[in-house]
Amino acid sequence: MKAPCLALLFLASLLPGVAQETFAGLKSVLSEAEWKRAGLDRLTPDEIGVVDAALIRHLAQRAPAPVAALTPDPDPARKPGWLERFGLPTFDSDWRDVPPLRAKVVAWETRNRFRLDNGQVWEGFEPIRMELVGRSIEIQARPRGQYGLVVEGTNTAVRVYRLR
């Protein structure tokens, strides 16, 4: 049992120095409370070395994340708006181009929160006073990133937002 552990430790020491620089060991990553809670305080130094070697090997095999290519501005003469200068989102896309979401309500989660058949959970900004379970609904985009709930057979819309 100890021979394979020592062999793994030896192989881990042969990994490129970069991999070992990126991971200093499990003990340095976890706090003392996490170390004890995970039960790692009961392991021998050889067993901890095997876990560290496996993590180092995993980190060495990971490919670096690809760098996103910068897309040139289609209109270089355009000046950025004040929202863009502060890194805030702009609302350039027309909300009227967003297709409505059509689904069926399967359950209430709270008084004002409902779940759809596609798994999404939505909640109303104001109280929803109609029964929705089993009914087909439509969620339509509104200006400034808002959404409106339209229930089949009714003439009213309720402002809603998506939770999940």
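Up top is the structure these notes are about.
Draft legend 1. Broad picture of the pairing of strand S3 (residues 121–124). Neither face of S3 is open: one carries Val121 and Glu123, the other Trp122 and Gly124, and all of them are buried. The sheet contact formed by strand S2 (residues 113–116) and S3 spans 3 bridges and is antiparallel. Bridging from a neighbouring strand, Phe114 pairs with Trp122 of S3. Between the antiparallel neighbours S2 and S3 lie 4 residues, among them Gly119 with a positive phi of about 95°. Bridge count between S3 and strand S6 (residues 157–162): 3 bridges; the pairing is antiparallel. Directly across from Trp122, in S6, lies its bridge partner Arg162.

Draft legend 2. Region of the structure containing the nonpolar core. Core analysis: the biggest nonpolar cluster contains 14 residues, and Phe114, Leu116, Ile128, Leu132, Ile137, Ile139 and Leu149 have the highest contact counts within it. Every element with two or more residues in this core is listed here: strand S1 (101–108), S2, strand S4 (136–141), strand S5 (147–151) and S6. If we skip the residues at most four places from it in the chain, Phe114 touches Val105, Ala107, Trp108, Glu109, Gln120, Val121, Trp122, Ile128, Leu132, Leu149 and Val160.

Draft legend 3. Structural view of a nonpolar patch on the surface. Residues Leu43, Val51 and Leu55 make up a contiguous nonpolar surface patch of about 180 Å² in total accessible area. Assignment of secondary structure puts Leu55 in helix H5 (residues 45–61). Look at Leu55 and you get partly exposed, because its relative accessible area is 30%.

Draft legend 4. Spotlight on the sheet that holds S6. Pairing in this closed barrel of 6 strands is antiparallel, and the strands run S1-S2-S3-S6-S5-S4 around the ring. Taking each pair of neighbouring strands and ignoring which way they run, the sheet shows an average axis angle of 45°. In this structure, S1 lies alongside S2, joined through 3 bridges in antiparallel fashion. Bridge pairing links Ala107 to Arg115 in S2.

Draft legend 5. Summary view of the packing of aromatic side chains. Going through the model one piece at a time under the given rule, you end up with 3 aromatic pairs. Look at Trp108 and Phe114: their rings are 6.3 Å apart centre to centre, the planes differ by 80°, and that puts the pair in the edge-to-face class. Exposure remark for Trp108: the relative accessible area of 26% places this residue in the partly exposed category. Each ring, one from Phe125 and one from Tyr161, has its centre 4.8 Å from the other, and the planes form 45°; the classification is tilted. With Phe125 in the loop between S3 and S4 and Tyr161 in strand S6, the pair connects residues that are 36 residues apart, well separated along the chain. Residue Tyr161 is classed as partly exposed on the basis of its relative accessible area, which comes to 29%.

Draft legend 6. Layout of the side chain of Gln120. Locating Gln120 in the fold gives a position in the loop between S2 and S3. Among all residues touching Gln120, those that are not within four sequence positions of it are Leu101, Phe114, Arg115, Arg162 and Arg164.

Draft legend 7. Region of the structure containing the pattern of salt bridges. Considering all chains together, one arrives at 5 salt bridges under this definition. Its salt-bridge partner being Arg164, residue Glu109 comes within 2.7 Å of it at the nearest N-O pair. Taken together, the residues Glu109 in the loop between S1 and S2 and Arg164 in the segment after S6 connect sequence positions 55 residues apart. One connected set of salt bridges, linked through shared partners, spans Glu109, Arg115 and Arg164.

Draft legend 8. Just the environment of Val51, in detail. Within the secondary structure, Val51 sits in helix H5. The class of Val51 is partly exposed, set by a relative accessible area of 30%. C-alpha of Val51 to C-alpha of Gly25: the two residues are 26 residues apart in sequence and 8.9 Å apart in space.

What counts, and where the lines are drawn
- Residues numbered from 1 in each chain as written.
- Predicted model: local features only at pLDDT ≥ 70, side-chain atom pairs only at ≥ 80, totals over all residues.
- Heavy atoms only, no water.
- Buried < 20%, exposed > 50% of the residue type's maximum accessible area, 1.4 Å probe, protein only.
- Helix = DSSP H or I, 4+ residues; strand = E, 2+ residues; numbered from the N terminus.
- Pairing = 2+ DSSP bridges.
- Core = buried A, V, L, I, M, F, W, Y, C linked by side-chain atoms within 4.5 Å.
- Contact = heavy atoms within 4.5 Å.
- Patch = residues over 30% accessible without salt bridge, like charges linked within 9 Å, V, L, I, M, F, W, Y side chains within 5 Å.
- Areas by Shrake-Rupley, 256 points an atom, 1.4 Å probe, with all protein chains shown as cover.
- Salt bridge = Lys/Arg side-chain N within 4 Å of Asp/Glu carboxyl O.
- Axes fitted to C-alpha atoms, helices over the stretch in contact; angles between N-to-C directions.
- Phe/Tyr/Trp six-rings, centres within 6.5 Å; stacked < 30°, edge-to-face > 60°.

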